[in-house]
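# Residue-level structural notes
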Amino acid sequence: MEENQLFLKEKPVFPLLLSMAVPVMLSMLINSLYNIVDSIWVAKLGTDAITAVSLAFPLQNIIMALGVGLGVGASSLISMSLGAGKREHADHLASAGLLLALIHCLVFIAAGIFITRPFLQMFTNDPQILDWACSYTFIVLCVSFGQILQMYMEKLFQGVGKMKTTMYLMASGCIINIILDPILIFGWFGAPAMGVAGAAVATVIGQIGALILYVAVYLKMPIGVSIRPHLMRPDRELIRSIYSIAVPSSLMLAMPSLLTGILNGILAAFGSVYVAVFGLYFKLQSFVNLPSNGLIQGMRPIISYNYGAGEHGRVRQTIRCSLGITAVITLAGTIGAFFFPGPILRLFDADSQLLLYGIPALRIIGLSFLISTAGIVVPGVFEAIGRGKESLIISLLRQLIIIVPLGWILSRFFGPTGIWIAFPAAEAAAAVAAWKMLGRVGKKISPNAF
């Protein structure tokens, strides 16, 4: 086994999990800060500018979902291979994954050239907004190689346990972006004033800058796995195994956007105030999801490596620790939503009407936070052991299959309250399914696997 990764097998699980998860949480926090700062600068150009950038979000979300999904698929399999002592196979996976990432880059260049304007024309007829949106979207799609390859390298580093490295490199890219935003948008220091297009250029430069730093660190510091040009060849079995995890992971990242669109359509029939309440819930949810998702990203390589090494006891211990820490995070979310909904809503400048309808809504939906613990952790476990299908099933139960039809049916009887009730109900059903699936898969692998 590689000396670089032995700590994944030998270090006590609880401190190991925290040391892996905290840097990821900080990385995600930095990225959220960048998004906020980016929006602030663009907003200074006016409402039309914000609208133009917002229209690009679905396509940007697709880039992110596919990039992260591919990285998760490759890195989980690489960690398992390293745990099993199969260094050559790990190198082959890393090389094949990079080939797939490069193919994704070509696909998005084609998308930027051929679908940018037809896609955006479906959402606006305003010439100014359309022009700005096309400029922004064309740049972020055609120069998306920085984001795609950066995300692949990020997951590769995380897969071998280099969490602090990814934190520093991601922060570097975000800082570059934040610095360049006002310079390129408004033409500071003699730079051309590019407006909305300047925000796009700043974004891609930040991504390319982070990618260059990843490559520099990779070339200088052995990480336990190597990308070899002669292994960057199509291999049907390797590609199938990577995409068996990558596709479900990508779909899971895309599902919240679909769920939001569907439920907003149902809630709009009862009044725009309920759509606003739902939007505020999603802002609150991000405070719970950010540390939870950071924990899952820290958990994956530990489980993958020890699963590959046959250390099922450490796998079980990691799952238990992850469930415990996530339960603390989600319990805090439930307590906050149930006992302090008013102060929370006032943080977002909620008026009296939003408070009237938002307080009971948060109290009901907030129950779903704690119930969601198993639904958050178990899909991450399945991704870590290469079982993307099971992970996708649980996520579909949580975010689509149950909540949409149940919410629609209950709303016929209880109005918007029926939508709120559907959240904890769906999480409870998904939690039961997650436990049963985890037990069934564990028995197939080994009587005492999980």
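Heads up: the structure comes first, above all this text.
To keep things clear, this report deals only with the structure shown in the data block. Because the structure is predicted, anything quoted here is derived from the model rather than measured. (Residues numbered from 1 in each chain as written. Predicted model: local features only at pLDDT ≥ 70, side-chain atom pairs only at ≥ 80, totals over all residues. Heavy atoms only, no water.)

## Digging into the nonpolar core
What counts, and what does not: Nonpolar core, defined: a set of buried Ala, Val, Leu, Ile, Met, Phe, Trp, Tyr and Cys residues in which side-chain atoms within 4.5 Å join the residues together. The buried label applies to any residue whose accessible area, calculated with a 1.4 Å probe on protein chains only, is under 20% of its type's maximum; exposed applies above 50%, and partly exposed to all values in between. Under the scheme used here, helices are H or I runs from DSSP no shorter than 4 residues and strands are E runs no shorter than 2 residues, and both carry numbers assigned from the N terminus.
Counting residues in hydrophobic clusters, the biggest one holds 111 residues, and the most contacted among them are Ile78, Met153 and Trp420. When residues of this core are assigned to their parent elements, the largest contribution, 14 residues, is made by helix H12 (residues 272-308). Counting residues in each nonpolar core, the second largest holds 19 residues, with Trp41, Leu180, Val196 and Ala202 among its members.

## Some thoughts on helix H19 (residues 403-414)
Convention followed: Along the arc lie the directions from the helix axis toward the C-beta atoms.
Residues of H19 that are buried include every one of Ile403, Val404, Gly407, Leu410 and Ser411, and no others. Along the long axis of H19, the arc covered by the buried residues comes to 135°, so they all point the same way.

## Quick look at empty space enclosed by the protein
Short version of the rule: Within this scheme a cavity is a closed region of a 1 Å grid, computed over the protein atoms alone, that accommodates a 1.4 Å probe without allowing it to escape, whereas a pocket is open but has protein on both sides within 12 Å along at least five of seven lines; lining residues each have an atom within 4 Å of a point. Grid points are joined across faces, edges and corners, and a volume is the space filled by probe spheres set on the points.
A complete count under the given rule lists 2 cavities of 30 Å³ or more for this structure. Of the volumes computed, that of the largest cavity is approximately 80 Å³. If you list the elements that add at least two residues to the lining of the largest cavity, you get helix H4 (57-83), helix H8 (145-159) and H12. Taken as a whole, the second largest cavity encloses approximately 50 Å³ of empty space.

## Regarding helix H17 (residues 373-384)
As a reminder of what qualifies: To estimate how far a helix should extend, the number of its residues minus one is multiplied by 1.5 Å.
Taking 1.5 Å per residue, 12 residues should reach 16 Å; H17 reaches 17 Å between its end C-alpha atoms and fits that length. Taking burial as the measure, the 12 residues of H17 include 12 buried ones, the bulk of the element. Every buried residue of H17 is accounted for by Thr373, Ala374, Gly375, Ile376, Val377, Val378, Pro379, Gly380, Val381, Phe382, Glu383 and Ala384. Looking one or two places after H17, you find Gly386, whose phi comes out positive at around 85°.

## Quick notes on the packing of aromatic side chains
This is how the line gets drawn: Geometry of aromatic contacts follows a simple scheme: Phe, Tyr and Trp rings, the Trp one being its six-membered ring, pair when their centres are within 6.5 Å, and the pair is stacked under 30 degrees between planes, edge-to-face over 60, tilted otherwise.
Scanning the entire structure with this criterion turns up 12 aromatic pairs. A ring pair is formed by Phe278 and Phe423, whose centres lie 5.9 Å apart and whose planes are at 55°; its orientation type is tilted. Of the two residues, Phe278 sits in helix H12 while Phe423 sits in helix H20 (residues 416-445), which places them 145 residues apart along the sequence. Both residues of the pair, Phe278 and Phe423, belong to the buried class. One aromatic cluster in this structure is built from Phe278, Tyr281, Phe369, Trp420 and Phe423.

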